[in-house]
Amino acid sequence: MNRLALAVLSASLCVLASCSGRTQSSATQVGVELPLLTSPFWQAYNAYLPGYAREYRLSMLPPSNAGGDTSKFLSDVQNMITAGVGGLILSPTDTAAVSTSLARAQESHVPVVAVDVAPDRGSVFMVVRADNRAYGRDACTYLGSHVHAGAVVQIEGDLASINGRDRTQAFDECMRTRYPAIRVLEVAADWDAAKAAQGLEALFASNPAIKGIYMQAGGVYLSPTLAFLRRHNALVPAGDARHILIVSNDGIPQELDAIRKGWIDATVSQPADAYAKYGLYYLSAALAGRTFKPGPTDH
């Protein structure tokens, strides 16, 4: 039976930085840096931002799109700080390199909210992200309870990102401890569709009897994965003995359509709307001089 696994959004306080004593104007200008817009997930997130910016009385610059390029990401953020934005929402793919941008923001007294990822180091006002280890565990449990034995493929995210590391480590640990009869094959795809396709080609050449696939980002990996299986006459619907069990991450409409058609079996949903809402909510709070204590939230 198809199912949709949901991961609960959590917002956690990382480090309070440069937020005390600021007063919020009726329309404080803020900047947003997107990691890429080729993914339907990030397209959805981007579409939610203007409405929530109006709700929280923030004047949002047109979001900048790094396109997966860390150098462009850092340059875009520097340009926004130089332009005098009052606050920033960042979603870096390289969670170590972003520390440079965070240091510059702190020096300029610009509060930063990190959405979807937590920086490896540096000061931010708030981190708004879901439990990415739960994503990996849920995908493992679904695949393991259906596959039982054989080989499965994990199409990894960028391991320079805490999200990629969390999902990969949790999936591998779960498989190793709970399903030792299953062998995990890794595709290092770096949130890149072309790398995912190339990695699948290389793996299937020497491992034709793959039983399952975990895609860490359906917005990037769904299309090349289905295209690859179709080329190899391996895209058959659930219920067919030749069906390859597939679990994805994101919860985008394309994945839900693929579930209805039987091409894939489950997706672990990321809340693009809540990311946009709470990212801007906490940035508004920072600009108003509010502070928060670490601990659970009601969202």
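Residues numbered from 1 in each chain as written. Predicted model: local features only at pLDDT ≥ 70, side-chain atom pairs only at ≥ 80, totals over all residues. Heavy atoms only, no water.

Caption draft 1: Just helix H9 (residues 272-287), in detail. With 16 residues, H9 should cover 22 Å at 1.5 Å per step; its first-to-last C-alpha distance of 23 Å lies within 8% of that length. Taking burial as the measure, the 16 residues of H9 include 13 buried ones, the bulk of the element. Directly beyond the C-terminal end of H9, a positive phi value near 85 degrees is found at Gly289. (Helix = DSSP H or I, 4+ residues; strand = E, 2+ residues; numbered from the N terminus. Expected span 1.5 Å × (residues − 1). Buried < 20%, exposed > 50% of the residue type's maximum accessible area, 1.4 Å probe, protein only.)

Caption draft 2: Spotlight on the environment of Met60. In this fold, Met60 is placed in strand E4 (residues 58-60). Setting aside residues up to four positions removed in sequence, Met60 forms contacts with Val30, Val32, Leu49, Pro50 and Ala53. (Contact = heavy atoms within 4.5 Å.)

Caption draft 3: Quick look at the state of the cysteines. Across all of its chains, the model carries one disulfide by this definition. Across the disulfide from Cys140 sits Cys174; the S-S distance is 2.1 Å. A torsion of -80 degrees about the S-S bond marks the disulfide between Cys140 and Cys174 as left-handed. Here Cys140 is found in helix H4 (residues 132-147), whereas its partner Cys174 is found in helix H5 (residues 162-178), with 34 residues between them in sequence. A single burial state applies to Cys140 and to Cys174, both of which are buried. (Disulfide = S-S within 2.5 Å.)

Caption draft 4: Molecular detail of the packing of helix H1 (residues 40-55) against H9. As a packed pair, H1 and H9 sit with axes 8 Å apart at the nearest point and diverge in direction by 40 degrees. As far as their axial angle goes, H9 and H1 are oblique. Judged by the twist between their axes, the crossing of H1 over H9 is right-handed. Each of Phe41, Ala44, Tyr45, Tyr48, Leu49, Tyr52 and Ala53 in H1 lies in contact with H9, whose residues at this interface are Ala272, Asp273, Tyr275, Ala276, Lys277 and Leu280. (Axes fitted to C-alpha atoms, helices over the stretch in contact; angles between N-to-C directions. Parallel < 35°, antiparallel > 145°, perpendicular 65-115°, else oblique. Left-handed = near helix turned anticlockwise from the far one by under 90°.)

Caption draft 5: Local environment of the packing of aromatic side chains. Applying the stated criterion across every chain, the model contains ten aromatic pairs. Geometrically, the ring pair formed by Tyr278 and Tyr281 is edge-to-face, given 6.2 Å between the ring centres and 80 degrees between the ring planes. Highlighted residues: Tyr278 and Tyr281, both in helix H9, separated by three residues, approximately one helical turn. Taking 5.2 Å as the distance between ring centres and 75 degrees as the angle between the ring planes, the aromatic pair formed by Tyr282 and Phe292 counts as edge-to-face. With Tyr282 in helix H9 and Phe292 in the segment after H9, this pair connects stretches of sequence that are ten residues apart. Looking at Tyr282, the relative accessible area reads 4%, which means it is buried. Relative accessible area serves as the criterion here: at 18%, Phe292 is assigned to the buried category. Clustering of aromatic rings is evident, with ring pairs tying together Tyr56, Phe125, Tyr278, Tyr281, Tyr282 and Phe292. (Phe/Tyr/Trp six-rings, centres within 6.5 Å; stacked < 30°, edge-to-face > 60°.)

Caption draft 6: Geometry of unusual backbone geometry. Even without a glycine there, the phi angle at Arg57 is positive, about 60 degrees. Note that Arg57 resides in the loop between H1 and E4. Non-glycine residue Trp191 carries a positive phi angle of around 60 degrees. Position of Trp191 relative to the elements: it lies in the loop between strand E10 (182-188) and helix H6 (193-206).

Caption draft 7: Main features of the side chain of His243. Along the chain, the position of His243 falls in the loop between helix H7 (218-231) and strand E12 (245-250). Of the polar contacts made by the side chain of His243, one reaches the backbone oxygen of Val236; its length is 2.7 Å. A polar side-chain atom of His243 sits 3.5 Å from the main-chain amide nitrogen of Ala238. Look past the residues within four positions of His243 in its chain and what remains in contact with it is Val236, Pro237, Ala238, Gly262, Trp263 and Asp265. (Polar contact = N/O pair within 3.5 Å; in protein donor to acceptor, adjacent residues only side chain to side chain.)

Caption draft 8: Quick look at the pairing of strand E6 (residues 87-90). Here E6 shows a buried face lined by Gly87 and Ile89 and a second buried face lined by Leu88 and Leu90. Both E6 and strand E7 (residues 112-115) contribute to a ladder of three bridges, which runs parallel. In the strand pairing of E7, Ile89 is matched with Val113. Crossover E6 to E7 through helix H3 (residues 99-107) is right-handed. (Pairing = 2+ DSSP bridges. Right-handed = clockwise from strand over helix to strand, strands pointing away.)

Caption draft 9: Examining the pattern of salt bridges more closely. Summed over the entire model, instances satisfying the criterion amount to nine salt bridges. With a closest N to O distance of 3.9 Å, Arg137 and Asp131 form a salt bridge. For Asp131, a relative accessible area of 36% gives the class partly exposed. Between Arg133 and Glu173 there is a salt bridge, with its nearest N and O atoms 2.6 Å apart. Placement of Arg133 in helix H4 and of Glu173 in helix H5 is noted, with a sequence separation of 40 residues between them. (Salt bridge = Lys/Arg side-chain N within 4 Å of Asp/Glu carboxyl O.)

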